[in-house]
There are 2 protein chains.
Amino acid sequence: MEKSAFADQDSAVPQKFIYLFREGAAEMRDLLGGKGANLAEMTRIGLPVPPGFTITTEVCRDYYRNGGKLPSALMQQVKDAMADVEKDLGKKLGDPKNPLLVSVRSGAKFSMPGMMDTILNLGLNAETLRGLIEATGNPRFAWDANRRFIMMFSDVVLDVPKHKFEKILHEYKEKHRLKQDTDLSAEQWEEISSLFLAFVRSESGRDFPSDPWEQLEMAIEAVFRSWNNERAIVYRRKEKIDESLGTAVNIQAMVYGNMGEDSGTGVAFTRDPSNGEKILYGEYLINAQGEDVVAGIRTPLPISDMERTDPKAYEQFIQICDLLEKHYKDMMDLEFTVEKGRLFMLQCRSGKRTGLAAVRLAVEMVEEGLIDKATAINRVTSEQLDQLLHPRIDEGHIIENGVEPVAEGLAASPGAAVGQVVFDADRAHELGSQGQKVILVREETNPDDVHGMLAAQGILTSRGGKTSHAAVVARGFGIPCVAGCEAIKVDVQAKRFTVNGRVVSEGTWITIDGTTGRVFLDRVPLIDPEISGHFARLMQWCDETRRLGVRANADNPRDAAQAIEFGAEGIGLCRTEHMFFERDRLPIVQSMILAETDHDRELALDKLLGLQQRDFEGIFEVMAGRPVTVRLLDPPLHEFLPNHEELLSQVVELRLAVNTLGAHAIQEVLADKEKLLKLVEAMREANPMLGLRGVRLSVLFPGIVAMQTRAILQAAVAVKKRGYEVHPEIMIPLVGHVNELKTVRESLENVARKVLDETGETVPYKFGTMIELPRACLVADQIAQHAEFFSFGTNDLTQTTFGYSRDDAEGKFLQKYVEMKILPNNPFETLDTEGVGKLMQTCVTEARKTNPVIKLGICGEHGGDPSSIAFCEELGLDYVSCSPFRVPIARLAAAQAAIGGRSSAVVDK
Amino acid sequence: MEKSAFADQDSAVPQKFIYLFREGAAEMRDLLGGKGANLAEMTRIGLPVPPGFTITTEVCRDYYRNGGKLPSALMQQVKDAMADVEKDLGKKLGDPKNPLLVSVRSGAKFSMPGMMDTILNLGLNAETLRGLIEATGNPRFAWDANRRFIMMFSDVVLDVPKHKFEKILHEYKEKHRLKQDTDLSAEQWEEISSLFLAFVRSESGRDFPSDPWEQLEMAIEAVFRSWNNERAIVYRRKEKIDESLGTAVNIQAMVYGNMGEDSGTGVAFTRDPSNGEKILYGEYLINAQGEDVVAGIRTPLPISDMERTDPKAYEQFIQICDLLEKHYKDMMDLEFTVEKGRLFMLQCRSGKRTGLAAVRLAVEMVEEGLIDKATAINRVTSEQLDQLLHPRIDEGHIIENGVEPVAEGLAASPGAAVGQVVFDADRAHELGSQGQKVILVREETNPDDVHGMLAAQGILTSRGGKTSHAAVVARGFGIPCVAGCEAIKVDVQAKRFTVNGRVVSEGTWITIDGTTGRVFLDRVPLIDPEISGHFARLMQWCDETRRLGVRANADNPRDAAQAIEFGAEGIGLCRTEHMFFERDRLPIVQSMILAETDHDRELALDKLLGLQQRDFEGIFEVMAGRPVTVRLLDPPLHEFLPNHEELLSQVVELRLAVNTLGAHAIQEVLADKEKLLKLVEAMREANPMLGLRGVRLSVLFPGIVAMQTRAILQAAVAVKKRGYEVHPEIMIPLVGHVNELKTVRESLENVARKVLDETGETVPYKFGTMIELPRACLVADQIAQHAEFFSFGTNDLTQTTFGYSRDDAEGKFLQKYVEMKILPNNPFETLDTEGVGKLMQTCVTEARKTNPVIKLGICGEHGGDPSSIAFCEELGLDYVSCSPFRVPIARLAAAQAAIGGRSSAVVDK
């Protein structure tokens, strides 16, 4: 149980609700929030920070536990802390003579847009305002400060929206023909303050609070309330931030950058956050308050200009930047104010950065001796790395030009692509072959479309989830894809789609962003991936650090080459069915399935044998001695046959034509179609995912996998003769009972031995199985006795463990489940360690009992997911395998897992 | 490792290959086989058994381990044992003067038709034949014996089929115008022996062996070989007898019942095996050999006639019967021979019996003090009990009249039914309501057919497996069903089906046997189930003995009443979707699903509320205070919508009509159908088994289950007001993550409390979940904290653990898997304890950790399967639930499980 502020209220030692800045430290983020902890840290190391204190996140949690009531002892502790600040500055909150004004800011452990941000100048009222005028001798400044306070306080505490005040201000300026805020005099600001106060009264039904202590208490509560406003909740859900953390409240003495030409305010990064270059990067505004910089009312100057305008403060700031980088050992994001030549630090946190910057920063900081390699590895997130691996939208361009997406679908395969719309695969293939850039747009794709998909820059579908045919093929080939974009209505016949009332015809340029799911009409500039020297350097450190092997899933020589370029150490999954789906193969595959005699079937298999052998030769050559795990045919055979519904429609049409129209000439066509339809119907399955596929096919139709095994071994021998090493690993999928593996392996071992006998060569082949059924995990001790390796197929294992058909679940309920927090994550993206992971643990333990040297890997999509890779490290697997484009990410994640996870060195999110 | 005869060959103590009858005992069945062990036992207790010995099953196993070679030391031990027999009888094998003849018989642990049965008169050759003639003074007998020996030996040892000898004999009789075998003289038999020997030479290419020792060795090997002939393999597979047991060989001195009028042979049961009555039951043939009784060449007399023809032997036999029953404490099946007035016992084993007999025997033997109740309970098999629970084919009638089934399908729902063929549900309903007996014949059934199925005597489908709609509904309602009878081609339009070239039109009488899958043309007499006093008595003992509760799966008052009649203690599964499928409901359900506004949806739900409430009231009244587990809606909603393919065909047709024919009048119809088609397509799922169903529906569409919960509670209150206790248990299906249950339960608790508040009543309701996903088992500790009960849905749990879609697997590969011994059983029939069972064990352990008082049951089909029930006892579940017609079987199996399994008291299978 967590400690409760209320529970402790009656105990002897009262709970400490508040930490003065000088009492805290950077490590106290949990208790003080990010902002508070860093203010304390800067104070602790002697930087110029206006004095203040932090109300802990614990108070926020108590606030919610008690149905929205502040602990009764809180305000006394606030007063004590304030007394310390007052003593420090010689000012007092509410003192009409020398009033102390404070800012009130929220500050959670992780920075969170959406919460209440800031109230400035709290403590102002009719009396203290006069004191401020006297103290500054600047009535215009004081009245401006006052109206700002009224606006901000009313907005966040009294629920009177800011824009209504802005409207009043706007009307006032119109009326008085004033253009800029700077054109207003002290008297005019005073008049506006009165207008504001009257407006607050009429809107909120109460007087604006004049007691600074009342203002303060109300502001504190507003911060706590803002933790649970809708925007904050949405943000937390998106960023997976724990609901129960709560926010701290920071109360700090005000300093002013708008006290004249010797004052100013700025924000800066200690390095360039867009590319990581070691230069000070930021902006500065003379005679302005912080919010003016952000609000864009005036155009700020580059921070380097400050060297000229305020060399002393600039010099000091440069030193502080250097000191803070060395102290935090990271690129920092800083806010500061200069009040009459005196520099004050108002905020410091780890700076947000692009992927490019993250990698360069991390590498250069190692070179500078600032951090070690392990820290550098933990500094880069997989998302950042991913940015470097695909062409991406030039976000700057779209912001500058206000380009808005016309629709959003599922981010099915990362990267952005620009091309002209086409609606059928043949056309895509035709234009693509001529070097034209096309985007293939379909309701959904099917195996007949693959040649067109390969020729396209990108794929856009209006139906289907992240494992739809389009998504899987696109990811496999590294082609950007937006799937299930339901706003798009595709009319293939008319060669156009409509989206939100707009009609897009063939040939129109569009841009899709498979990383985010966005679809743009028109051409949006893209930025090509750069694999710079820093990137290579970081990857090298990852390889030195990680224990897990990293392989790629690749089905053809092109992908295999890509995988090697990205650092894969082998192929963990080569899916042979994709070879079957290729355009020139499909008719042969169909004739094999539909063969009426053994002879016909063998003829078809013989044709396939040659083709498959060439496939494998290509892959083995490229892989040059690295292990290649080939999965034998997995999908149900009916997947290779014509679509049932299309056939049915054709048959109905033909029947009508024959019966009604007497079109007897087509009777033969009808008969053929009817026969095919009957066959397709006989082979169809209610739940193909749980049907006649995987090893079940191999048991029932041993000819196909015997052909495949022969092709693998013949290819291996041929490639070996060309001087390459070859390490084929033959993987039998979907085993659930040891006898399946035993039976099939025995018969395939015979085939393999026969090929080697025939050729007189030796090839070090292995047999293993994919673990993708709960039962396989439960009896892994038995299965492991007949396998040299296991590879977890966590896609299917997740499907069967949860009883989710991914195709159905992702479209129909998974998203809702995650939104409703029934599931913490989409288990197809992030491994469910509680359920699926428990089965995997059982499998690993049982398998190693009977076969201690068994090689264990994973080749489901989770093999490229960092948190799942961390779990694989925990399980002690030997390798992970993922799509070629995820290989660098897997290398990074494997290294991070070996170190023990991304470290707490990352100060702020 | 098992001991190997060969391995021991060189060791100091030679292995004992052979046991003399006087050395063995009934307990040695494993080693001596059933026949050998019982011959030994009879010898041991002093009954008159011709001397002999048994070669052990171990020798058979060694024979196979060594690639079909007898241990070299075997024949020496045979000689030693034979010497003992020879000494006993004063005869010698091969002695031309006083030859010993022996029989050679196989005898495995379980009696096995299909193996080599018997060679009689072994030891005969030209010399010993003369000796036999001298010794008996009966040349006709001797030559007859000789030709019998040649036939049998050639058939089983030399592979010269018996029927070829019979053909020779037949032609000989034709030629000599002889009718009966008895018409042949000694000389004629001698001539036939010569013909036979010549024939053997020409067929087998070798001389018939004349050395008795060679004959014996060849015969022994033939017995071992016969263990692995095809028929034996098929039989073992069917009866689930372990391949590796092997058979023993019994060698026994011959005695002859065909030595004259003071000789004879007979078979008898100590009680009537057809009804269990305590009377000697059997047949006797004077002057005949054993095989004559079996062969039916002469009509035997009732055994009671023996009292008149041979009172002395009869008297002795009666005493032996009594002694053996008391000794074995079971009804025995005996074979004996009287040689010249002297009685010899040749075989004794536990007698096969009908279900009726099994129950009566067991109960009466307890009353006689012969056995205790536990033994009685273990004496009855579930198959025997099942015979008593359904109308059954009069097997006697079909044997007598040579009635053959015209086709065989899957035994989908037990019991036999006679009726006139109809092809649509409306017609079935119409005729059925008029009291006509109909059999509904369909390709497969669907929810629209239920009213017709309920009105039919039986259901016959040409497609679909044991969980097809037809099978599930039929079993649920106890209607006999043969499913997936592929030989039948149904033509609904033409109102007829064809089967093996015969056309069967509407109105034709047929008979189906859902217990075996047979289909007969014409009316076959049925026998109605009798629940006799003995049956009730046995059930009472079962109830006193068992620990497991027994509930029934029942969806309506009729089934509930049936369940109570059969002894159910509650309802373990009330499926509410069957209520939705009813003909008057389906349109309302569809309008709920298709509702375009909340208002329309609520209207539909309101209508359903009233109907569901009435459903539940009916069930609660019948159950009168017994617990009723109601499962909330489970199937995907699209199951309630019109069939997609039919719609598609209609739309294609309508489109053509509009476009081609200009039939504009139907444009509106087309538009409606197109809209519906779009909706059906949007809801369709790739793998509905793993789709939007169960609790997922409740999460996404809470209105439906809220309505159901309200209906349950309102019904409970209403029935309570009528003076009944009500114990509703609300079951939320398909939970995989604890949050699903938490979320849904919370909202339904609100509904329940609201109903009780509104009515001011209290009802002791419970909430629980069905455990049917691997993940649910793995995180049962979490789920159990939010459930008062779990019920294992082992159908789905088996599907997901194995990754089998039952619908697809049973038709496509499961049967083959069992045949190929990849799986020991169909896991949907017998629980897979290794995989699924391991998950259940995890679930039980984890659940009780966090909720020690949780009630655990099973309501999958395994709940009615005896071996699965035994496993449930092992797991310590609280109850099993099965279809009403399985309830008595479950009571029996639960009692047997409590005692510790069907005991070894059952001497022979």
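Everything below is about the structure printed above this text.
Quick caveat, the model's predicted, so the values are computed rather than measured.

What counts, and at which threshold
Residues numbered from 1 in each chain as written. Chains lettered and ligands numbered in written order. Predicted model: local features only at pLDDT ≥ 70, side-chain atom pairs only at ≥ 80, totals over all residues. Heavy atoms only, no water. Phe/Tyr/Trp six-rings, centres within 6.5 Å; stacked < 30°, edge-to-face > 60°. Helix = DSSP H or I, 4+ residues; strand = E, 2+ residues; numbered from the N terminus. Buried < 20%, exposed > 50% of the residue type's maximum accessible area, 1.4 Å probe, protein only. Lys NZ or Arg CZ within 6 Å of the ring centre and 35° of its normal. Contact = heavy atoms within 4.5 Å. Buried area = accessible area lost by both parts, 1.4 Å probe. Salt bridge = Lys/Arg side-chain N within 4 Å of Asp/Glu carboxyl O. Polar contact = N/O pair within 3.5 Å; in protein donor to acceptor, adjacent residues only side chain to side chain. Pairing = 2+ DSSP bridges. Axes fitted to C-alpha atoms, helices over the stretch in contact; angles between N-to-C directions.

### A word on the packing of aromatic side chains
In this description, a pair of aromatic rings is defined by centroid distance and the angle of the planes. Using the criterion set out here, one finds 40 aromatic pairs over all chains in the structure. When the centroid spacing of 5.6 Å and the interplanar angle of 55 degrees are considered together, the rings of Phe149(B) and Phe153(B) count as tilted. Highlighted residues: Phe149(B) and Phe153(B), both in helix H5 (residues 139-157), separated by four residues, approximately one helical turn. Given the relative accessible area of 0%, Phe149(B) is considered buried. Relative accessible area serves as the criterion here: at 0%, Phe153(B) is assigned to the buried category. Three or more aromatic residues joined by ring pairs form one cluster here, namely Phe802(A), Tyr804(A), Phe813(A) and Tyr817(A). Cation over ring: Lys16(A) sits above Tyr19(A), and NZ or CZ is 4.6 Å from the ring centre.

### Looking at the interface of chain B and chain A
With 57 residues of chain B at the contact, the number on the chain A side is 57 residues. Summed over both partners, the interface of chain B with chain A buries about 5,200 Å², with 58% contributed by carbon and sulfur atoms. In this assembly, chain B and chain A are joined by six salt bridges. Residue Arg775(A) pairs with Asp832(B) through a salt bridge whose shortest N-O separation is 2.7 Å. Where chain B touches chain A, the interface holds 38 residue pairs in polar contact (both at pLDDT 80 or more). Sorting the residues of the side of chain B that touches chain A by element identifies helix H25 (644-659), helix H26 (667-683), helix H27 (695-700), helix H29 (738-759), helix H30 (774-778), helix H32 (794-802), helix H33 (806-819) and helix H34 (836-850) of chain B as the ones contributing at least two each. No other element matches the seven residues that H25(B) contributes to the side of chain B that touches chain A.

### Some details on the sheet that holds strand E20 (residues 488-491) of chain B
Residues and elements named next belong to chain B. In spatial order, the strands read E20-E21-E22; together these three strands make up an open sheet with antiparallel pairing. Unpaired on one side and paired on the other, E20 and strand E22 (502-505) mark the two borders of the sheet. Pairwise comparison of adjacent strand axes, ignoring direction, gives a mean angle of 20 degrees for this sheet. Pairing between strand E21 (residues 496-499) and E22: four bridges, direction antiparallel. The partner of Thr498 across the bridge, within E22, is Val503.

These results come straight from atomic positions and should not be treated as a statement about function.
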